[in-house]
Structure formats: C-alpha cells, structure tokens
Amino acid sequence: MSITKYSTKKLPYQFYAHGRTDHLENIKPRTFLRRETPRTLSEKPIVYQENEYQFRCDNPLTDTTNGPKYIALGCSRTYGIGVGESDTWSNILQSKMQNRTPKQPIKIFNMGVPGGSCETSYRILKNWIDIIRPRAVFLFTPPGWRREIIKENKIELVCEGHPLANKLKSVSSSESDDNHKDYMVKAMGHCCALYKAKLFVLDNGSTVRVDVGNDGVHPGPLSHKLFAKNFYSYWKREFKPRK
C-alpha cells in the first residue's frame, strides 16, 4: 500500500509504540516514573519529544526525505532514555552515514520503545515496513525475557515494574529467553527479506556500557557512540558506500 493512502487518524493501535491512540498531535515531553528526568549527570533536564505515534523521531507519514530510509528498533537503549536526542545511537549513526554519503540524504527513524520487547520490535517492524520501505533495519535487541500482551485492542509491555514481570522471570530461563529472542530476530529477518531490506543486529547482552545517562541507569553518550560505531561498521561492510 502506498504511503499516500495512509492517514494519521486511521492507523490502528498496532502502529503506536504503546498501542495508545488517544493523542494524534505532538504530546508533552515524556516523563518516566511519574517525574521529570532527574538532573543527576547534566545541568539541564532532558526533553523527550515524540511524534504522534509515541516514537522519538519525525512522523514517517509526513517525512519528505528523498533518499534511503532506515529503521532503528529496540527498547530504551534505542529510544535513548538518559541522553538527548542528538546523543542517541541512531542519531549518531545517521550523522556518520550522512558524512560518508554527503550527496545523498539519509533518514533513520528511531522506533525504540522504552520497556519494549523483541515482540514489540517485531510488531512495529511488521506494521511500518510497508510504509517506510527501509533500505535496512538496525535492531538493538531488548532483554529476551520481556513480552508483549495484546488483548482487546490494547497492548501491555511486560517489563521491569510490571505486575507479571517477576512471575514471568520465575517460570523462564536464560536458555528459553535466548531461544525466544532468536525466533523473533528470525521473524524480523524474514519480514525484512520480503521487502529486500537488510537486517543488522546488535545483541543487548554482548554490549558494554562505558558510561551512564542523565537518569544514572541507562547508557550515556559514550556508550551510544560505541553502539553507533558497531552498526556503522555493519552498514559500511554491507553497502560499501562511496563519497
């Protein structure tokens, strides 16, 4: 289906980061844990500006970039809790790619969801890939134990703090979580293959956090630079871009 056939008022709940469709205009800066981001590691609080679909990027439906488009998927490490938008790995990666091909505009849509699971990433990719038609997808895998519950047109993200989190962890294991993650990554790979898009994967468990962000918990700017560096090497090796 062509992007021109989509209307922001008609896209169903599956297209939203958290499944909520009760706001279709730019929302207020996001808050976490019912408070503004604390000023622990920087002088100014971070503003998390989201589009109509709760993603920390421009609205893909109204974007006019005339060049290759990409999708960044994952959880809070992709969304960028604790860092400014310019310090997220997707933004850093976009700048590195753009510097490599200055004559060709590049756009990466940051579709990371705080508290999201691999199931969340799959749902978002499955629904948005036909609209964005990305050249490639960058997936920073969320923790494998997390899940997503879809019931009666509502989506619950089962992550830290959810009433079912501890129960889910108690009946699971690292082996089963890894298997589930592998299944979801393969499903996303199949989805990408249908649209002739490449899938680049960075495993959450194999990365090192070298600093912390403004919340004192999530990766900081230096860590995001390392994440971007890894993805950039994948992209450069695959597409062999020339200036």
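In the block above lies the structure referred to throughout.
Given the structure is predicted, the values throughout are model-derived calculations rather than measurements.

J.: Give me the packing of aromatic side chains: which residues, what numbers.
T.: Aromatic rings in a pair are described by how distant their centres are and how their planes are angled relative to each other. Applying the stated criterion to the full structure yields 14 aromatic pairs. Seen from their ring centres, Y53 and W128 are 5.3 Å apart, and the 80° between their planes marks the pair as edge-to-face. With Y53 in the segment before β1 (69-73) and W128 in helix α3 (residues 118-132), this residue pair connects regions lying 75 residues apart in the sequence. Judged by its relative accessible area of 0%, Y53 falls in the buried class.

J.: Give me the lowdown on the side chain of T65, citing residues and values where you can.
T.: When you line up the elements, T65 lands in the segment before β1. A distance of 2.8 Å separates a polar atom in the side chain of T65 from a polar atom in the side chain of D63.

J.: Hey, could you go over the state of the cysteines for me, with residue numbers and the actual values?
T.: Evaluation of the coordinates by the stated rule reveals zero disulfides. Take C118: it sits in no disulfide, and the sulfur closest to it among the cysteines is that of C75, at 8.7 Å. Classification of C118 by relative accessible area gives buried; the value is 2%.

Reading the values: rules and limits
- Residues numbered from 1 in each chain as written.
- Predicted model: local features only at pLDDT ≥ 70, side-chain atom pairs only at ≥ 80, totals over all residues.
- Heavy atoms only, no water.
- Phe/Tyr/Trp six-rings, centres within 6.5 Å; stacked < 30°, edge-to-face > 60°.
- Helix = DSSP H or I, 4+ residues; strand = E, 2+ residues; numbered from the N terminus.
- Buried < 20%, exposed > 50% of the residue type's maximum accessible area, 1.4 Å probe, protein only.
- Polar contact = N/O pair within 3.5 Å; in protein donor to acceptor, adjacent residues only side chain to side chain.
- Disulfide = S-S within 2.5 Å.

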